[in-house]
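The primary structure of each chain is shown beneath.
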Amino acid sequence: MLSYDELTAPERELWDAFPEGRRVDLRTGSQEDDRVDAGGRWGHERRVRAAVIAALLLGANTTQPGAVACLRLAGARITGRLNLAGAQIAHALWLDGCWFEESVDLLGASTRTVVISDSRVPGIEADAANIEGVLDLRRSVVESLDSSPFNHVGTALSLTDARVSGGILLSGAEISAPGGWAVAAGGLVMEGGVFCNRGFVARGEVRLLGAQLPGGLFMKGARLEGPSERGVALALDNAVASTIDLSGGFTANGTVRLRGARISDSLSFAGAVLNGPAEGHGPSLVAPLVQTVDLDFTLAQAPSGTVDLRGAQVSYLYDSERSWPEVVELDGFVYGSIKTDEAGERREAVGQRDSVARRVAWIRRSPGYSPQPYEQLASWYRKAGHDDDARRVLLAKQRHRRGTLHAAARGWGHLLDLTVGYGYRPWLAGVWLLALTLLGTLSFSAGTPKPVQKGEGAPFQSFVYTLDLLIPIGGLGQRSAWYWPDGSLQWLAYLLIAFGWVLTTAVIAGVTRTVQKS
């Protein structure tokens, strides 16, 4: 147990100020001397032992009646390890502009608000901690720990399974664990928001697996400069949040993972840069099975790696020409509406001349063939009242599928496409019928047929005769009554009969396919 007599001058000042919650400021007022990155050179007049801070927080100095005890310290060099693991702390901790020689340990602790701002800390471990208030690390530099009971890799800020009733403030902070985990917060339970806005820099993976973030995650303008060894910059797999804001210049030099995340409001990448792992060795975004209302994917530039949205569900998708890389995984992706960003104006992505061509090209960026992306796009066009565009999408689906079939099936597919557009262009059958009728009428009118039996049958009519050849069912009494001594015209008659059967079969097959899909 520390005695008052063994305290140094700055420690006594802090000891005396604690019961009243007064602030002790050890800074000199010189901007050069008070720079935190030079804290290793600060002398004894600015040194405070971590053991003294721990003793005060654990009730070493009696609280003064009528005052709220609080530890407030600025500009100190804190020596030794601040070990508060498992502690029950009833007082807030405010440290500003301090330089820590060793790490801070809050493992399993139950504490009030913790503020360590504008400081330098070689690692903070707060796994399973319960913070009744705010965790504020704004503008601080937090460096890597070698390991911890919860994390097997180097971690700078560890909040695994922690609970925070207020917010976590990391704006302007620099969290560094190169090749490791800058932030390890799997299972984090928040009641407020997590704010990592402009100026926030992470070197190493930011992990929020399964985190509960009802107040949202805000990383507007943040920079995730160095991923973990597996190439991941931000991991939010199975997280539950109200809002995730990765916009306004947010930059990830590694994969962003959102597998199975559920966002009740919006997921925004507006103006973000998703570079993916170095040299393109990995995806830029992995978000299968993600669920959100709004997905704003109007990036600042096209991602360098794959975007995976398989099985994702969104109500409103916002994109632009810069949104999509060369490879996009869209199988199972469900959306209610698509709006495009053009010159800063967002409009429904239907009714434009090249709308269908652009959306089909978007689907074709998916590797392999899958019918669902086409059917989803066609469904959206139908809901928007653009049935013709929906049919064009479904026709594109059949043409894509045709490339996966064997030679005979591809040949039949080409025939269906040419004659009736797979049933989505039935008017083509009328064009073919008109062309063949015209060909037969003109050709047969130039010749002289002979009756099969003289004096029987209707008089020859080239137009009616041609229709009789083209219509395979029933008869108009011309085909069976006349034949051609001219071999070329007789062969033309045979060809028209064959064309009639092929055209009829194609119409039936195409219409049946369309009815079944509808």
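Keep in mind that what you see is a predicted model, and the values were worked out from it rather than measured.

Some words on the pairing of strand S27 (residues 240–245)
Each regular strand displays side chains that alternate between the two surfaces of the sheet.
Here comes step 1: Counting buried residues along S27, 5 of its 6 residues qualify, which places the element largely inside the surrounding structure.
Here comes step 2: Relative to S27, strand S23 (residues 212–213) is paired through 2 bridges, and the arrangement is parallel. Along S27, the bridge assignment pairs Leu213 with Ala241.
Here comes step 3: Bridging between strand S24 (residues 217–218) and S27 involves 2 bridges; their strand directions are parallel. What sits directly across from Leu217, in S27, is Ile244.
Here comes step 4: For S27 and strand S30 (residues 262–268), the ladder comprises 5 bridges, and the chain directions are parallel. Each bridged residue has a counterpart across the sheet, and for Val240 the counterpart in S30 is Arg262.

Examining helix H2 (residues 50–57)
Here comes step 1: Where burial is concerned, most of H2 is hidden: 7 out of the 8 residues are buried.
Here comes step 2: For H2, the complete set of buried residues consists of Ala50, Val52, Ile53, Ala54, Ala55, Leu56 and Leu57.
Here comes step 3: For H2, the elements touching its buried residues are helix H1 (9–17), strand S2 (47–49), strand S3 (70–74), strand S4 (77–79), strand S5 (82–83) and strand S6 (92–96).
Here comes step 4: Looking one or two residues past H2, Gly59 carries a phi angle of roughly 95 degrees, positive in sign.

Comments concerning the pairing of strand S19 (residues 174–184)
Here comes step 1: Counting buried residues along S19, 8 of its 11 residues qualify, which places the element largely inside the surrounding structure.
Here comes step 2: Relative to S19, strand S15 (residues 141–142) is paired through 2 bridges, and the arrangement is parallel. Along S19, the bridge assignment pairs Val141 with Glu174.
Here comes step 3: Note that strand S16 (residues 155–158) and S19 share 3 bridges and pair parallel. Looking across to S19, one finds that Leu157 is bridged to Val183.
Here comes step 4: Sheet topology places S19 next to strand S22 (residues 201–207); 6 bridges connect them, and they run parallel. Bridging from a neighbouring strand, Ile175 pairs with Ala202 of S22.

Re the packing of H1 against H2
Here comes step 1: Two elements in contact, H1 and H2, have axes separated by 11 Å at closest approach and are oriented at 15 degrees. Put simply, H1 runs roughly parallel to H2. Regarding H1 and H2, the two cross each other, and that crossing is right-handed. Between H1 and H2, the contacting residues are Glu11, Leu14 and Trp15 on the first element and Val52, Ile53 and Leu56 on the second.

Here's the deal with unusual backbone geometry
Here comes step 1: With phi around 50 degrees, Asp118 is a residue other than glycine that occupies positive phi space.
Here comes step 2: Mapping Asp118 onto the fold places it in the loop between strand S10 (114–117) and strand S11 (120–121).
Here comes step 3: Backbone geometry places Leu289, a non-glycine residue, at a positive phi of 65 degrees.
Here comes step 4: The topology assignment puts Leu289 in the loop between strand S32 (285–286) and strand S33 (291–296).

Looking at the packing of helix H3 (residues 355–363) against helix H4 (residues 371–383)
Here comes step 1: Running from amino to carboxyl end, H3 crosses H4 at an angle of 155 degrees, the nearest separation of the two axes being 10 Å. Comparing the axis directions of H3 and H4 gives the class roughly antiparallel. Of the two elements, H3 crosses H4, and the hand of that crossing is right-handed. Residues Ser355, Val356, Arg359, Val360 and Ile363 of H3 form the contact with H4, whose participating residues are Pro373, Tyr374, Leu377 and Tyr381.

Some thoughts on the nonpolar core
Here comes step 1: Core analysis: the biggest nonpolar cluster contains 118 residues, and Leu73, Leu188, Phe250, Leu258 and Phe269 have the highest contact counts within it.
Here comes step 2: The contact partners of Leu258, leaving out residues within four places of it in the chain, are Leu236, Asp237, Ile244, Leu267, Phe269, Leu285, Val286, Ala287, Pro288 and Val290.

Side note on the packing of aromatic side chains
Here comes step 1: A full pass over the atoms with the stated rule returns 9 aromatic pairs.
Here comes step 2: When the ring of Trp324 is compared with that of Trp362, the centres are 5.4 Å apart and the planes differ by 45 degrees; the resulting orientation is tilted. Note that Trp324 is positioned in the loop between strand S35 (313–319) and strand S36 (328–329) and Trp362 in helix H3, a separation of 38 residues in sequence. The burial state of Trp324 is the same as that of Trp362; both residues are buried.
Here comes step 3: Seen in terms of ring centroids, Trp491 and Tyr494 are 5.6 Å apart; in terms of plane orientation they differ by 85 degrees. Their pairing is edge-to-face. Here Trp491 pairs with Tyr494, and both are found in helix H9 (residues 487–517), just 3 residues apart, close to one helical turn.
Here comes step 4: Owing to a relative accessible area of 59%, Trp491 belongs among the exposed residues under this scheme.
Here comes step 5: By relative accessible area, which is 46% here, Tyr494 ends up partly exposed.
Here comes step 6: Members of the aromatic cluster, joined through ring pairs, are Phe269, Phe297, Trp324, Phe333, Tyr335 and Trp362.
Here comes step 7: A cation over a ring is seen here: Arg46 above Trp42, with NZ or CZ 3.8 Å from the ring centre.

Structural notes on H1
Here comes step 1: Looking only at H1, the buried set comprises Pro10, Glu11, Leu14, Trp15 and Ala17.
Here comes step 2: On the buried face of H1, the contacting elements are strand S1 (23–25), S2, H2 and S3.

Reading guide: rules and limits
- Residues numbered from 1 in each chain as written.
- Predicted model: local features only at pLDDT ≥ 70, side-chain atom pairs only at ≥ 80, totals over all residues.
- Heavy atoms only, no water.
- Buried < 20%, exposed > 50% of the residue type's maximum accessible area, 1.4 Å probe, protein only.
- Helix = DSSP H or I, 4+ residues; strand = E, 2+ residues; numbered from the N terminus.
- Pairing = 2+ DSSP bridges.
- Contact = heavy atoms within 4.5 Å.
- Axes fitted to C-alpha atoms, helices over the stretch in contact; angles between N-to-C directions.
- Parallel < 35°, antiparallel > 145°, perpendicular 65-115°, else oblique.
- Left-handed = near helix turned anticlockwise from the far one by under 90°.
- Core = buried A, V, L, I, M, F, W, Y, C linked by side-chain atoms within 4.5 Å.
- Phe/Tyr/Trp six-rings, centres within 6.5 Å; stacked < 30°, edge-to-face > 60°.
- Lys NZ or Arg CZ within 6 Å of the ring centre and 35° of its normal.

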